Amino acid sequence: MDLRLYNTLTGRKETFTPLDENNVRMYVCGPTVYDHAHIGNARPVIVFDVLYRLLRHLYGKTHVTYARNITDVDDKINARAAQEGVPIDEITARTTKQFHDDIAALGVLPPDVEPRATDHIEQMKALIEKLVEKGNAYVAEGHVLFHVPSMADYGKLSKRTLDEMEAGARVEVAPYKKDPMDFVLWKPSKEGEPGWDSPCGIDGPGRPGWHIECSAMSAQHLGETFDIHGGGVDLVFPHHENEIAQSRCGFGTGFMAQVWMHNGYLQVEGQKMSKSAGNFITIHDLLKEWPGEAIRLAMLTTHYRQPFNWTEAGVREAKRTLDHWYQLTEDAEPGCAVCADVLEALGDDLNTPKALTAMHRLRSAAARGEKSAAASLKACGQFLGLLNKSGSEWTAWRPEAVEIDERQIEQLIAARLKARGSKDFAEADRIRDELAAMGVALKDSPEGTTWEIAR
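What comes next is a walk through the structure.

### Regarding the sheet that holds strand E4 (residues 64–68)
Moving on, step 1. Spatially, 4 strands are ordered E4-E3-E10-E11 in an open sheet, and the strand pairing comes out parallel. Edge positions in the open sheet fall to E4 and strand E11 (257–263), since each of these has one partner strand only. Within the sheet, the average angular offset between the axes of one strand and its neighbour, ignoring direction, is 20°.
Moving on, step 2. Each of strand E10 (226–232) and E11 touches helix H7 (residues 236–251); the most contacted strand, E10, lies at about 160° to it.

Printed below as a string of structure tokens:
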């Protein structure tokens, strides 16, 4: 099947043809490890995990290389370490583990390569020196800066002129800059900050700018040119624009990545997420309230390029959908092929809403007793990173904040059944209401009464 992807660089959907079918290469910008990742960070992680799964299906698991970096040198990390009074590497080790634990709960596969910025300082310095030698960068007052006017088509990704970018950007005004849009490749380290021997004959320790990190790491692990570069739409400018400038000018290539993909912004209940607005949600905290698969499914209900509105109603509906899917697929035969309609939808620029529509058709057929539909539903779910638990594991999940006295619940259910048997329906309804107030939902069937935590 053909894979068509929307390329931010060209502004259109294109048939994807890898540079080398035996090594399809994708790079996605990863987290800056200073705090718990928020749900906005979760979106690209989930989106490009789906693409990674699709690429492995199309080209073979051993023919895809997915790199997602860890930024472990940054002003925010320095500030957090100073605030807590602990070493920087303690902050980065702790938050990296938190990130890994959180996204694993979202059903995300680990990348093939996870480069850390601090392990690639020499590669960054070598690229910086190339840029200076070629006249694309210069040394000024202990800094090395990329000279933006040295690249004739700078701005091609974001489709803005230099004047438009300068007017719309918060550029640092510094007397040593040749042009206001010039950006930092290397800067001096202050006392107490991480530092390394500086390139280009600069005296004293320094540290890299943010943009040069991804250019050096992607080149080291994927090559000077590769297939796909992904990230959030907020990274188009300046981060990805600057990556392209550094990589193309430093390596003398016509492109950095063939395809540039960007997921849309995330809002919370219709508003921009921010700590000041009181709606800042971390993945870690959300996982205390909802199963990871419900969070993942909720995010897949919107096409990745569209803005996504995170709502409690949306994740509640995702949880209910998974409840039903787990019920229908509990006894499904393993090893079924992924439904062609689901693959076709994903092949059309990762159209997950269309793929989920196909899965709902399978759900309807499975509910009518078609065993093949149930098996296909399970296979499709697992392909998308869902339905990976046993039925008992899924139903046993409880929110952390809810304290459950299972013995009390079973006693109340038994008392309700006794009241119903005695035709004391008022008492039976009272007990149901009591359980509902405890957050317990009952489901009556010919086989008996079951319960779950209502969400």
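### Here's the deal with the layout of surface pockets
Moving on, step 1. Roughly 1,400 Å³ of internal volume is contained in the largest pocket.
Moving on, step 2. In terms of lining, the largest pocket is formed by 43 residues, of which the most central are His38, Asn41, Lys76, Asp234 and Leu235.
Moving on, step 3. Secondary structure elements with two or more residues in the lining of the largest pocket: helix H1 (39–59), helix H3 (88–105), helix H6 (210–222), E10, H7 and strand E12 (266–268).
Moving on, step 4. A total of 4 residues in the lining of the largest pocket trace back to one element, the largest contributor, which is H1.
Moving on, step 5. A class-by-class count of the residues in the lining of the largest pocket yields 20 nonpolar, 16 polar and 7 charged.

### Comments concerning empty space enclosed by the protein
Over the atoms, a rolled probe matching the size of one water molecule traces out where space is still vacant.
Moving on, step 1. Taken as a whole, this structure holds 1 cavity of 30 Å³ or more when the rule is applied.
Moving on, step 2. Each pocket or cavity is described by its volume, and for the largest cavity that value is around 80 Å³.
Moving on, step 3. Lining the largest cavity are Arg43, Ile46, Val47, Val50, Met299, Leu300, Thr302, Tyr304, Leu350 and Thr352.
Moving on, step 4. Listing elements by their share of the lining of the largest cavity, those giving two or more residues are H1 and helix H9 (292–300).
Moving on, step 5. The element contributing the most residues to the lining of the largest cavity is H1, with 4 residues.
Moving on, step 6. Grouping the amino acids of the lining of the largest cavity by side-chain chemistry returns 7 nonpolar, 2 polar and 1 charged.

### What to know about the side chain of Lys177
Moving on, step 1. Mapped onto the secondary structure, Lys177 falls in the loop between helix H5 (162–168) and strand E7 (183–188).
Moving on, step 2. Within the local environment of Lys177, its side chain forms a polar contact with the backbone oxygen of Pro180, the two atoms lying 3.3 Å apart.

### Section: helix H11 (residues 340–347)
Moving on, step 1. Burial in H11 covers these residues: Val342, Leu343, Ala345, Leu346 and Gly347.
Moving on, step 2. Structurally, H11 contributes buried residues whose contacts are with strand E1 (4–7), H1, helix H12 (352–367) and helix H13 (371–383).
Moving on, step 3. Phi turns positive, to about 55°, at Asp349, one or two residues after H11.

### Re the sheet that holds strand E9 (residues 205–208)
Moving on, step 1. Pairing is antiparallel in the open sheet, where 5 strands are placed in the order E5-E6-E7-E9-E8. In the strand order of this sheet, the two ends are held by strand E5 (137–140) and strand E8 (196–197), each with one partner.
Moving on, step 2. Sheet analysis places E5 next to strand E6 (residues 143–146), joined by 4 bridges and oriented antiparallel. The residue bridging Val139 from the neighbouring strand is Val144, located in E6.

About the criteria used
- Residues numbered from 1 in each chain as written.
- Predicted model: local features only at pLDDT ≥ 70, side-chain atom pairs only at ≥ 80, totals over all residues.
- Heavy atoms only, no water.
- Pairing = 2+ DSSP bridges.
- Helix = DSSP H or I, 4+ residues; strand = E, 2+ residues; numbered from the N terminus.
- Axes fitted to C-alpha atoms, helices over the stretch in contact; angles between N-to-C directions.
- Contact = heavy atoms within 4.5 Å.
- 1 Å grid on protein atoms, 1.4 Å probe; cavity = no way out; pocket = protein on both sides within 12 Å on 5 of 7 lines; lining within 4 Å.
- Points joined across faces, edges and corners; volume = space filled by probe spheres on them.
- Nonpolar A, V, L, I, M, F, W, Y, C, P; charged D, E, K, R; others polar.
- Polar contact = N/O pair within 3.5 Å; in protein donor to acceptor, adjacent residues only side chain to side chain.
- Buried < 20%, exposed > 50% of the residue type's maximum accessible area, 1.4 Å probe, protein only.

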